[in-house]
Amino acid sequence: MKNKFDFENKIDISWCPGCGNFSIRKELLTTLEEMNLPKENLVLVSGIGQAAKLPEFVNASFFHGLHGRGLPPATAIKACNPELTVIAFGGDGDMYGEGGNHLLHITRKNPDITLFVHDNMIYGLTKGQASPTTGIGMETPLQVFGVSEKPLNPLALAISLDVTFVARAFSGHIEQTKEIMKQAIAHKGFALVDIFQPCVSFNKINTFKWFDENTYYLAKDYDPYDRVKAFQKSLEEKPYPLGIIYKNNNRKTFEENLQVYKNNKLPLYKNELDIQKVQAEIQSKS
Amino acid sequence: MIRKIEDSLVIVLAGQAGQGIQSIENILSTLLKRSGYNYFSTSELMSRVRGGINSTEIRISSKPIAGFLDRIDLLIPLHNDGIEHLKKRTSPNTIVIGEKDKIDYEKIIDVQFTQIAKEIGNAIYSNTVAAGYICGLLKVNLKLCQEFIVDYFADKDEAIQNKNREAITKGHELGKHLSELDINIEKSHTVKDQLIMDGAEAVSLGALASGCNYVCGYPMSPSTSVLQNMSVYSKKFDIIVEQVEDEVGVINMALGAWYAGARAMTTTSGGGLALMSEGISLCGMMESPMVLHLAQRPGPATGLATRTEQGDLNLALYSGHGDFPRIILSPGTLEAGFTLTKDAFNLAEKYQVPVFILTDQYYVNSRYNTPAFDTSDLKIDNRIIKTSPDYKRYAFTENGISPRGIPGYGSGTICAGSNEHDESGHITEDPVLRTKMVDKRLNKLQLIKADIIPPKLIGNNDYKTLVVSWGSTFNIVNEAVEMLGRNDLALLHFSWLFPLAENTLEYFQQADKVIIVENNATAQFAQLIKLETGYDIKDKILKYNGRPFSVEEVTHEINKLIGTGGNSEKQI
């Protein structure tokens with residue numbers, strides 16, 4: 001039987017042939033199917049970019065919003081209906097560049113949502129400009145003298161903000177990525193997974209082969225609950241560690257902190273307004 | 001000399017931020033209203049937490065009138081700079097009361113508020129002494145004052161309640177004996193039971209009554225009080241109130257909230273709305289309902305952060321790239337603030353469009369008594385449908401409005417995107433579909449016209465001169481027109497600004513002369529009227545120094561324009 005999160009008919013997918021996004025899509029579809037998530041309760045949220053198009057290619061509800069702005073609606077959707085499973089997607093430009101401020105502050109709320117960042121170290125949709133994670137020295141049509149800015153380290157940033165689940169995956173490794181995705185979605189709290197992904201059209205440096213050669217998996221006995229060690233680990237480059245680098249199960253989620261659910265767990269849309277109470281409130285102004 | 005006051009008494013309190021003007025006003029508003037006086041107050045503040053000079057006007061009237069007057073009958077400066085600050089508004093008729101040793105004013109009537117408070121036990125009680133003084137002056141029943149003040153400090157311990165009781169009593173005693181003013185303002189039984197609140201509360205209660213259950217914002221004067229009010233309501237009602245990292249996050253969160261089935265509102269001022277602009281455009285593309293409270297203040301940029309202007313009509317009208325429909329409302333009274341905000345949610349839900357509520361600093365910070373709001377027909381126009389597997393979020397329907405589903409309710413998928421999309425919500429670049437979708441969205445502008453609240457005509461139907469106003473200036477302009485007392489003069493007030501009422505032109509064609517009053521520099525509403533009707537309003541009374549119009553200056557300017565006959569643009 002076909003995966004219920006895939007479409008019955010063939011759809012037109014607008015990524016370049018060979019794009020790492022195809023693997024991520026496949027990994028996601030299998031993950032969702034294997035987790036047996038109820039389809040009507042799944043919402044995929046994204047900003048703009050090649051990665052952010054992913055929800056369009058999954059048979060599920062989606063909110064495909066503005067560039068950099070995936071996380072605010074994702075947070076609000078989960079807050080208004082905690083029964084939903086909310087997964088956000090974006091690229092390195094979308095989430096770490098344009099949406100940087102939202103990422104910083106949403107980590108403070110710790111909503112129970114998952115964020116997959118397809119990190120190909122380049123801007124794809126706008127055709128090959130440097131992204132916040134592009135390596136120093138790379139020449140692009142726009143950075144004609146080569147990139148001089150230090151690349152952003154999303155994992156170190158996330159751990160410094162005590163993001164409750166921080167992982168890195170490589171799109172080329174189907175089984176391992178699926179496992180990380182499953183754990184990220186199952187995790188209660190904000191989960192950030194930075195997924196290395198080759199851009200076959202615009203990044204000729206960080207290729208499939210490059211990622212394969214410059215990454216390694218964390219040892220079986222690695223303890224993700226040690227924040228300081230996790231931070232050290234997140235600073236490692238070439239080879240970059242893959243796997244769940246940091247976890248914290250001790251933070252309350254945003255939804256758990258919302259007063260509105262203290263006595264009544266119903267999603268907001270199910271609440272009836274108590275008109276007499278409203279009338280009394282108005283009358284109290286006399 | 002004894003001054004007789006019979007219709008309206010204007011008291012102005014002036015002092016530095018932090019000196020307690022607000023505390024005095026808080027005590028007086030409800031107390032004077034409960035004693036049967038029509039009450040109006042408005043504040044002008046400097047953008048600073050301490051120091052500077054702020055003032056609050058309190059107007060007590062025999063009739064329910066709630067407009068700002070320039071005239072000051074009684075000035076109570078709590079700081080010496082208050083005299084200079086208000087020099088232009090005072091006249092030889094103004095009576096000044098204060099502490100002689102602190103205020104340099106020759107004819108001051110010495111009342112030692114602080115000294116009396118210290119004798120009671122602490123200078124902190126001086127505000128209550130001052131409030132008591134004004135109550136004494138207005139012959140408010142002492143027992144009512146005493147009971148009120150104890151209740152006012154109900155959350156403080158008994159000793160503090162008693163000290164305040166003593167303070168209000170002492171103040172009352174002194175005020176009663178001021179012989180320079182002979183006040184005979186009629187009280188009214190109906191006023192006693194009326195509501196009293198400021199504009200921010202009217203808007204907030206409207207939201208509450210419409211089932212608003214998600215409010216987000218970023219603090220920005222003068223819109224923050226709505227955010228705070230909603231936060232207080234969230235202690236009793238099922239409302240999520242969130243302070244967000246920036247206004248870009250605010251609008252995108254609010255969109256997520258509507259998508260998930262909440263009834264969301266944002267509250268901000270011009271700068272914040274400018275940041276929301278792209279999200280407002282997304283609202284247009286997603287056909288999401290949205291309610292945006294925009295409390296205007298003078299721009300551009302930071303402008304005058306704590307002052308007033310009607311300068312953001314064009315911002316509301318044009319914010320967001322691309323073509324999409326919207327509704328813009330702007331209340332002129334508290335009652336309208338309540339009703340229009342309540343209606344805004346239902347309109348947003350019905351037409352799946354953004355609805356703007358334009359207020360301003362003057363509106364949100366003005367407080368007065370108002371008859372009870374009509375809550376007999378409170379209903380939540382909830383149009384969310386339960387979806388089936390073949391659900392299409394943007395299904396073409398006869399009138400262009402697609403039934404709105406939400407995730408988790410039914411078995412359909414809810415696909416909403418910022419790209420042009422097909423009926424199912426998925427990206428398309430098909431030129432035929434694109435045109436159809438644009439037409440579908442814009443057609444709603446035609447549908448909305450059925451719900452437009454027409455402008456309100458006040459005065460003789462056979463007018464020769466028509467004065468036009470919109471939003472917060474209503475009470476001021478209305479009183480000015482009334483004061484002129486001419487039966488060839490009428491007022492046309494708009495609280496529904498866009499889409500413009502279809503019969504607007506007819507009102508103008510009947511008049512020999514049309515005068516527009518706007519608290520901005522470029523007559524933005526007159527521009528809209530010209531764009532929509534072709535009618536060019538040539539006589540304009542414009543004010544953009546950051547202050548509200550006063551009844552006197554509007555009266556004066558209208559008079560001048562009627563007198564001269566020629567067209568003119570008067571800037572105050």
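Just so you know, these numbers come straight off a predicted model, no measurement behind them.

**Student:** I'm lost on the sheet that holds strand E23 (residues 496-498) of chain B in this one. Help?
**Tutor:** What links the strands of a sheet is backbone hydrogen bonding, and the strands pair in either a parallel or an antiparallel sense. All names here are of chain B. If you walk across this open sheet you meet the seven strands as E11-E10-E12-E13-E15-E14-E23, and the pairing is mixed. Across the chains shown, the open sheet's two edge strands, defined by having one partner strand only, are strand E11 (240-243) and E23. Shown here is a sheet whose adjacent strand axes are inclined to one another by a mean of 20°, direction ignored. Seen against the sheet, helix H11 (residues 270-286) touches strand E12 (264-268), strand E13 (290-296) and strand E15 (354-360) and runs at an angle of roughly 150° to E12.

**Student:** Which parts of the structure should I look at to understand the interface of chain A and chain B?
**Tutor:** Every contact between the two is made by 44 residues of chain A and, on the other side, 52 residues of chain B. Within the residue set of the side of chain A that touches chain B, elements represented by two or more residues are strand E2 (61-64), helix H2 (71-80), helix H4 (100-109) and helix H10 (275-283) of chain A. Ranked by residue count, the leading element in the side of chain A that touches chain B is H2(A), at eight residues. Its residues assigned to classes, the side of chain A that touches chain B shows 23 nonpolar, 15 polar and six charged.

**Student:** What is the right way to look at helix H6 (residues 158-176) of chain B in this model?
**Tutor:** Two residues of an α-helix separated by three or four positions point the same way, owing to the 3.6 residues in each turn. Residue and element names in this part refer to chain B. Along its 19 residues, H6 runs 27 Å from first to last C-alpha, staying within 8% of the 27 Å computed at 1.5 Å per residue. Restricting attention to buried positions, one finds in H6 the residues Lys163, Asn164, Arg165, Glu166, Ala167, Ile168, Lys170, Gly171, His172 and Gly175. Where H6 is buried, its residues meet helix H3 (113-120), helix H4 (126-137) and helix H5 (142-152).

**Student:** Would you take a moment to explain the domain arrangement of chain B for this structure?
**Tutor:** The accessible area lost on association of the parts is a frequent measure of interface size. Residue and element names in this part refer to chain B. Segmenting chain B into domains produces domain 1 (3-181), domain 2 (199-370), domain 3 (384-441) and domain 4 (456-571). Each of domain 1 and domain 4 has a C-alpha centre, and the two are 35 Å apart. In this assembly, eight residues from domain 1 lie in contact with nine residues from domain 4. Here the side of domain 1 that touches domain 4 is composed, by residue class, of four nonpolar, one polar and three charged.

**Student:** Where do I start with the nonpolar core in this structure?
**Tutor:** For soluble globular proteins, the rule of thumb is that nonpolar side chains tend to be buried together. A:Ile77, B:Ala254 and B:Leu329 are the most contacted members of the largest nonpolar core, which has 236 residues in total. In this structure A:Ile77 touches A:Val43, A:Val45, A:Phe63, A:Leu84, A:Val86, B:Gly256, B:Tyr259 and B:Ala260, once residues within four positions along its chain are discounted.

**Student:** Honestly, the pairing of strand E24 (residues 513-518) of chain B in this entry has me stumped. Any pointers?
**Tutor:** Put simply, side chains in a regular strand alternate between the two faces of the sheet. All names here are of chain B. Of all six residues that make up E24, five are buried, and the element is covered over most of its length. Sheet topology places E24 next to strand E25 (residues 539-542); four bridges connect them, and they run parallel. If you follow Ile516 over to E25, its bridge partner there is Lys540. Handedness of the crossover joining E24 and E25 through helix H18 (residues 524-533) is recorded here as right-handed.

**Student:** Looking at this structure, how should I read the environment of B:Gln16?
**Tutor:** Residue and element names in this part refer to chain B. Here Gln16 is to be found in strand E2 (residues 8-17). Residue classification places Gln16 among the partly exposed residues on the basis of 18 C-beta atoms within 10 Å. Separated by 33 residues in sequence, Gln16 and Val49 have C-alpha atoms that sit 9.3 Å apart. For Gln16, the residues in contact, after removing those within four places along its chain, are Arg50, Gly51, Gly52, Ile53 and His79.

**Student:** Explanation requested: unusual backbone geometry in the structure shown.
**Tutor:** With the exception of glycine, most residues fall at negative phi, and the peptide bonds are largely trans. All names here are of chain B. Omega for the bond connecting Ser221 with Pro222 falls within 30 degrees of zero, at -5°, which places this linkage in the cis form. With respect to the element layout, Pro222 can be found in the loop between strand E10 (214-217) and helix H9 (224-233). Cis geometry is adopted by the peptide bond preceding Pro499, which originates at Phe498 and carries an omega value of -5°. Position of Pro499 relative to the elements: it lies in the loop between E23 and helix H17 (504-509).

**Student:** It is not clear to me how the sheet that holds strand E6 (residues 95-98) of chain B should be interpreted in this structure. Could you clarify?
**Tutor:** Strand order in the open sheet formed by eight strands is E7-E6-E5-E2-E4-E3-E16-E9 (chain B), and the pairing between neighbours is mixed. Pairing within the sheet leaves two strands with one partner each, and these edge strands are strand E7 (109-110) and strand E9 (195-198) of chain B.

**Student:** In this structure, what is going on with the packing of H3(B) against H4(B)? I would like to understand it.
**Tutor:** For any two helices packed against each other, the geometry is given by the interaxial angle and the distance between the axes. Residues and elements named next belong to chain B. Packing of H3 against H4 brings their axes to within 8 Å, and their N-to-C directions diverge by 120°. The angle between H3 and H4 falls in the class oblique. The hand of the H3/H4 crossing is right-handed. For the pair H3 and H4, contact is made by Phe113, Thr114, Ile116 and Ala117 and by Ser126, Val129 and Ala130, respectively. For the contact of H3 with H4, the per-class residue count stands at five nonpolar, two polar and no charged.

Here is what the cut-offs are and how they apply
- Residues numbered from 1 in each chain as written.
- Chains lettered and ligands numbered in written order.
- Predicted model: local features only at pLDDT ≥ 70, side-chain atom pairs only at ≥ 80, totals over all residues.
- Pairing = 2+ DSSP bridges.
- Helix = DSSP H or I, 4+ residues; strand = E, 2+ residues; numbered from the N terminus.
- Axes fitted to C-alpha atoms, helices over the stretch in contact; angles between N-to-C directions.
- Contact = placed C-beta atoms within 7 Å.
- Nonpolar A, V, L, I, M, F, W, Y, C, P; charged D, E, K, R; others polar.
- Expected span 1.5 Å × (residues − 1).
- Buried ≥ 20, exposed ≤ 12 C-beta atoms within 10 Å, placed from the backbone.
- Domains from an automatic or database assignment.
- Core = buried A, V, L, I, M, F, W, Y, C linked by C-beta atoms within 7 Å.
- Right-handed = clockwise from strand over helix to strand, strands pointing away.
- Parallel < 35°, antiparallel > 145°, perpendicular 65-115°, else oblique.
- Left-handed = near helix turned anticlockwise from the far one by under 90°.

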